[in-house]
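Topology and contacts: notes
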Amino acid sequence: MTRVALIDDHESVRLGLEAACARAGDMDVVFSGSSVTGYLEWRTRTGAAPADVVVLDLTLGDGTTVTENVHALVSDGSSVIIHSVAERPAAVREALAAGAAGIVSKSSPIDEVIVAVQAVASGEPLNNVEWASAVDGDRAFADAQLSAREREVLRLYATGLPLKIVADRLGIAYSTAKENITRVRVKYVDVGRPAPTKVDLLRRAVEDGILTPIEDAGDS
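Description of the structure in this document. None of the values given here were measured: they were computed from a predicted structure.

Consecutive side chains along a regular strand alternate between the two faces of the sheet. In terms of burial, strand 4 (residues 79-84) is largely enclosed, as five of its six residues are buried. Strand direction decides the pairing type here: strand 3 (residues 53-57) and strand 4, joined by five bridges, are parallel. Looking across to strand 4, one finds that Val-53 is bridged to Ser-79. A crossover connection joins strand 3 to the parallel strand 4 through helix 3 (residues 66-75); in handedness this β-α-β unit is right-handed. Here strand 4 pairs with strand 5 (residues 102-105) via four bridges, running parallel. Residue pairing in the sheet places Ile-82 in a bridge with Ile-103 of strand 5.

One pass over the full model with this rule turns up three aromatic pairs. The interplanar angle of 40° and the centroid separation of 5.6 Å between the aromatic rings of Phe-31 and Trp-42 together place this pair among those described as tilted. Linking Phe-31 in strand 2 (residues 27-33) with Trp-42 in helix 2 (residues 36-46), this pair joins segments that are 11 residues apart in sequence. In this structure Phe-31 comes out as buried when scored by relative accessible area, which is 12%. What makes Trp-42 buried here is its relative accessible area of 13%. An aromatic cluster is built from Phe-31, Tyr-39 and Trp-42, whose rings are joined through pairwise contacts. Over the face of the ring belonging to Tyr-157 we find Lys-198, whose NZ or CZ atom lies 4.1 Å from the ring centre.

Here we come to the nonpolar core. Nonpolar side chains in soluble globular proteins generally cluster together in the buried interior. Residues Ile-7, Tyr-39, Leu-56, Val-70, Leu-73 and Ile-82 are the most contacted members of the largest nonpolar core, which totals 25 residues. The element best represented in this core is helix 4 (residues 89-98), accounting for five residues. Once you skip the residues sitting within four places of it in the chain, Leu-56 turns out to touch Ile-7, Val-36, Asn-69, Val-70, Leu-73, Val-80, Ile-81, Ile-82 and His-83. Ranked by size, the runner-up nonpolar core spans 23 residues in total, among them Tyr-157, Leu-161, Leu-163 and Tyr-188.

Vacant regions in the atomic arrangement are exposed by a probe of water-molecule size rolled over the atoms. Put simply, the largest pocket is a space of about 330 Å³. Residue classes in the lining of the largest pocket are distributed as 11 nonpolar, six polar and four charged.

What follows is about helix 5 (residues 110-121). Helix length check: helix 5, at 12 residues, gives a terminal C-alpha distance of 17 Å against a target of 16 Å (1.5 Å per residue), a fit within 8%. Within the sequence span of helix 5, burial applies to Val-113, Ile-114, Ala-116, Val-117, Ala-119 and Val-120. Those residues of helix 5 hidden inside the fold are in contact with strand 1 (2-7), helix 1 (11-24), strand 2, strand 3, strand 4 and strand 5.

Cut-offs applied
Residues numbered from 1 in each chain as written. Predicted model: local features only at pLDDT ≥ 70, side-chain atom pairs only at ≥ 80, totals over all residues. Heavy atoms only, no water. Buried < 20%, exposed > 50% of the residue type's maximum accessible area, 1.4 Å probe, protein only. Helix = DSSP H or I, 4+ residues; strand = E, 2+ residues; numbered from the N terminus. Pairing = 2+ DSSP bridges. Right-handed = clockwise from strand over helix to strand, strands pointing away. Phe/Tyr/Trp six-rings, centres within 6.5 Å; stacked < 30°, edge-to-face > 60°. Lys NZ or Arg CZ within 6 Å of the ring centre and 35° of its normal. Core = buried A, V, L, I, M, F, W, Y, C linked by side-chain atoms within 4.5 Å. Contact = heavy atoms within 4.5 Å. 1 Å grid on protein atoms, 1.4 Å probe; cavity = no way out; pocket = protein on both sides within 12 Å on 5 of 7 lines; lining within 4 Å. Points joined across faces, edges and corners; volume = space filled by probe spheres on them. Nonpolar A, V, L, I, M, F, W, Y, C, P; charged D, E, K, R; others polar. Expected span 1.5 Å × (residues − 1).

Pasting the structure below:
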């Protein structure tokens, strides 16, 4: 059962999402409220575990920033999906840079939100039009300036191959492959898009066009 928290300052939006989660059958809405502060206070008060996935409105009416909210939720142990009208690309990019797992437009059918929650809960990268548009709108955000070799190593490693197999396929030493992945991670940190886990590296590879979702499914 996926534990879901809904944070939006429009009650009607939350009620609609709650009903959709209930229909899905494999989701439990553990919190529904209008602020990240309220959610974290609820966690402290009840001692409840972090939600697996938090569906978060891009802009809340309490004066908080999207970076503050996403950082707080990710640091607390939850994955975050931004639920937005996607009318502010800069804020969307800010949310992704802060660690959000992806974006779903409020104009999308509500079932798409449910599918997104299920995907993120199972550790799959969330790739959609809103995300691609936000990244495309700012090439500085998308470009970590990886070398050709670093891109080759990342493409194979992000599909799920062990680093030893990556090295063998490219005809390079294991230590060289490891150094390349280390440099890739450093470069992504330098542009504000950290990738500490293999799933994060997969997301970065998809964002930057190094790997496609179809290629990922075929090679893994």
